[in-house]
Amino acid sequence: MLTVPESVPVGPLVYCYVIPAGDFSMVAREGLSFAPGDELILDGALDVEHGGYLLIGPAGSGQWMLRRYEGGASFLQASEFMLYALNPAVSPVRVTDRAAWDYGGRLIRRLEKF
């Protein structure tokens, strides 16, 4: 069990997600990266603005992926948007049917490892 730091706002939809082993989709050549084993705090009650990060997956699949959100409106208002990985070898996903995707929440922060 992971303890949520006191600095993180706690709500009914706040939880921790660990990037699975072998998932290098969010590892960039330089700058910000999210590597396998990174522990992330997410909030499923919060909306995501253009350029923010979210956890999302195909509806009913139980498979999740962290992606950068790009859309003309906030995530909860958008009907079409793009999902980008930080790894340039991973193709972006154009979403035209929001109902085909489950929303896991907005990234609040990555837990620091000591």
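Residues numbered from 1 in each chain as written. Predicted model: local features only at pLDDT ≥ 70, side-chain atom pairs only at ≥ 80, totals over all residues. Heavy atoms only, no water.

K.L.:
Can you tell me about the confidence of the model for the protein, naming the residues and giving the values?
P.N.:
The share of residues in the protein with pLDDT of 70 or more is 91%, and the mean pLDDT across the chain is 91. Within the protein, the element-level pLDDT minimum falls on strand E1 (residues 14–18), averaging 90, and the maximum on strand E5 (residues 81–84), averaging 98. (pLDDT = per-residue confidence, 0-100. Helix = DSSP H or I, 4+ residues; strand = E, 2+ residues; numbered from the N terminus.)

K.L.:
Any chance you could break down the nonpolar core for me, citing the residues and the numbers?
P.N.:
With 13 residues, the main nonpolar core has Met26, Phe34, Leu40, Tyr53 and Leu66 as its most contacted residues. Setting aside residues up to four positions removed in sequence, phenylalanine 34 forms contacts with Ile19, Met26, Val27, Leu40, Tyr53, Leu66, Leu86, Leu107 and Arg110. Listed in part, the 10 residues of the second largest apolar core include Leu54, Met65, Ala78 and Leu83. (Core = buried A, V, L, I, M, F, W, Y, C linked by side-chain atoms within 4.5 Å. Buried < 20%, exposed > 50% of the residue type's maximum accessible area, 1.4 Å probe, protein only. Contact = heavy atoms within 4.5 Å.)

K.L.:
I'd love a proper account of the pairing of strand E4 (residues 65–70), names of residues and values included.
P.N.:
The side chains of a regular strand alternate between both faces of the sheet. Summarising the sheet, strand E3 (residues 53–58) and E4 pair through 4 bridges and their orientation is antiparallel. By the bridge assignment, leucine 55 is partnered in E4 with leucine 66. Here E3 hands over to E4 after 6 residues, with glycine 60 in that stretch at a positive phi of 75°. Relative to E5, E4 runs antiparallel, the two sharing 3 bridges. Following the sheet pairing, tyrosine 69 is matched in E5 by leucine 83. (Pairing = 2+ DSSP bridges.)

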